[in-house]
Amino acid sequence: MTATLPRPAGTRPRPLVKRRTAQVTRADQLAALGCAVSAVLLTWFVLHLLLTSPGWLADLAVAYGLYLAMLYVVTRDRLGRLAAADRLVSTIVVTGAMGLLVPLLFLLGYIVVHGAPFLRWGFFGHDMSTVGPADPVTATGGLHAVVGTLEQTALTLVLVVPLGLLTAIFLNETRSRFRRPVRIMVDAMSGLPSIVAGLFVYAALIIPGIQAGVGFFSYSGLMATLALTMVMLPTVTRTIDVVLRLVPAGLREASLALGASRARTVWSVVLPTARTGVTTAVILGVARVAGETAPLLFTSFGAVFLNADPVTGPQESLPLFVYRYIKEPLENVQQRGYVGALVLILLIFTLFALARLAGRDRSKRRTRRSTKRTQETR
């Protein structure tokens, strides 16, 4: 039997205050700031007064470790173990996000600083067939590269989106015995280096086509599309596969209980529910292939003139454009590569924005409209 100490007369039990674990108050912010200052001072005292610091990286690592330890101890003393664990994991996640964001912003800033001063509207109006190495950077033309990138990306999407979507539906919505081999194959292809895809198309199609004199199987945008399809297909398939798994099973069961076939359930229930995730998968696939250079070196080969026919003849793209000029020794020629890199980033951002606009969730807007109509009717 456990004895309970009597509560002193005239005292009331402290009321329990409900609070969300992730809620951050001003006291929490001050506690985190105090932990950070204490960690920095303790690191300076130990590594610079008592010992000899090996460098700023060691100072940063020691200070960060001390900060996490102090933050956990202080939060546990104030709010309990659950809140302390939540705060510790949240801090680590935010730190990792910042560690990825800073290099990305630095890279984007570097490209903008070196490419924006020389970007002109004329870049989108002509190719490089009439531009010499001694011409100013502002005379750079990239129409042939922009057209090639758009055509190759569009053709890759036409091939990948139906195949990836059907494969993901096969892996999630069927009970076939071939699901496991297909899933293993998709996972294996996800780690395929992009240059291997280009070499495969080069060895299997281009070399025999050139030897046989078949112009269709030669350097062209179509060959680049086939290589990019091999790179993009596993990414899109795996992402859609994960998205379809997140669709609640109750929606499928309700549709089947109402008499709908499994195909109708997938088409009318599962895919509309996962539409935003499918759009995200397509965006990730575009990001995977839009900047690929290695497979294009063996397939599209590149050119300095405009070739709008993706089936016949070598075709330029923005990654090849950047690779072609950034490796040259002349400074003004290298700056053409920075201009091409800036245009490539802007093009990818534009495609992302269009994909997000096309795949946005319209259910809330429909709900608002129906509610408004109901109120007007009343």
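Because the structure is predicted, anything quoted here is derived from the model rather than measured.

Section: the nonpolar core
- Counting residues in each nonpolar core, the largest one holds 41 residues, and the members touching the most others are Phe123, Met232, Ile240, Leu244, Ala274, Leu318 and Phe321.
- Listed by contribution, the elements that provide at least two residues to this core are α4 (143-173), α7 (221-245), α9 (262-273), α10 (275-289), α12 (318-326) and α13 (331-358).
- Of all the elements, α7 adds the most residues to this core, at nine residues.
- Those residues within four positions of Phe321 in sequence are excluded, and the remaining contacts are Phe123, Met128, Thr140, Gly141, His144, Ala145, Glu316, Arg336 and Gly340.
- Formed by six residues, the second largest nonpolar core is a distinct cluster that contains Ala32, Cys35, Ala39 and Leu71.

Comments concerning the environment of Thr280
- The residue Thr280 is located in helix α10 in this model.
- Among the residues examined, Thr280 registers a relative accessible area of 24% and is labelled partly exposed.
- Sequence spacing of Thr280 and Ala355 is 75 residues, and the spatial spacing of their C-alpha atoms is 8.1 Å.

What to know about the packing of α10 against α13
- Closest axis-to-axis distance for the α10/α13 pair is 9 Å, and the angle between their directions is 165°. Between α10 and α13, the angle falls in the class roughly antiparallel. In this structure, the crossing between α10 and α13 has a hand that is right-handed. Residues Thr276, Thr279, Thr280, Ile283, Val286 and Ala287 of α10 touch α13, and the partners they reach there are Leu351, Phe352, Ala355 and Arg356.
- The residue makeup of the contact of α10 with α13, split by class, is six nonpolar, three polar and one charged.

Describing the pattern of salt bridges
- Under the definition given, this model contains nine salt bridges.
- Asp28 is the salt-bridge partner of Arg87, the closest N and O atoms lying 3.9 Å from each other. Taken together, the positions of Arg87 in helix α3 (residues 81-115) and Asp28 in helix α1 (residues 26-50) put the pair 59 residues apart, joining distant regions of the chain.
- Owing to a relative accessible area of 3%, Asp28 belongs among the buried residues under this scheme.

A look at unusual backbone geometry
- Even without being a glycine, Phe301 presents a positive backbone phi close to 70°.
- Secondary-structure assignment places Phe301 in the loop between α11 (294-297) and α12.

Examining the UniProt feature "transmembrane region" (unreviewed entry) in the chain
- As recorded in UniProt, the sites labelled "transmembrane region" (unreviewed entry) are residues 30-50, 56-75, 87-113, 153-171, 192-210, 216-236 and 338-359.
- As annotated, residues 87-113 has a helix share of 100% and a strand share of 0%, and its two end C-alpha atoms lie 38 Å apart.
- Spanning residues 216-236, this segment combines 76% helix with 0% strand, and its end C-alpha atoms are found 28 Å apart.

Looking at the environment of Met70
- Along the chain, the position of Met70 falls in helix α2 (residues 56-79).
- With 32 residues separating them in the primary sequence, Met70 and Ser38 have C-alpha atoms 8.5 Å apart.
- The residues contacting Met70, other than those within four sequence positions of it, are Cys35, Ser38, Ala39 and Leu42.

What counts as what
- Residues numbered from 1 in each chain as written.
- Predicted model: local features only at pLDDT ≥ 70, side-chain atom pairs only at ≥ 80, totals over all residues.
- Heavy atoms only, no water.
- Core = buried A, V, L, I, M, F, W, Y, C linked by side-chain atoms within 4.5 Å.
- Buried < 20%, exposed > 50% of the residue type's maximum accessible area, 1.4 Å probe, protein only.
- Helix = DSSP H or I, 4+ residues; strand = E, 2+ residues; numbered from the N terminus.
- Contact = heavy atoms within 4.5 Å.
- Axes fitted to C-alpha atoms, helices over the stretch in contact; angles between N-to-C directions.
- Parallel < 35°, antiparallel > 145°, perpendicular 65-115°, else oblique.
- Left-handed = near helix turned anticlockwise from the far one by under 90°.
- Nonpolar A, V, L, I, M, F, W, Y, C, P; charged D, E, K, R; others polar.
- Salt bridge = Lys/Arg side-chain N within 4 Å of Asp/Glu carboxyl O.
- UniProt positions renumbered as here; feature names shortened; annotations may be inferred.

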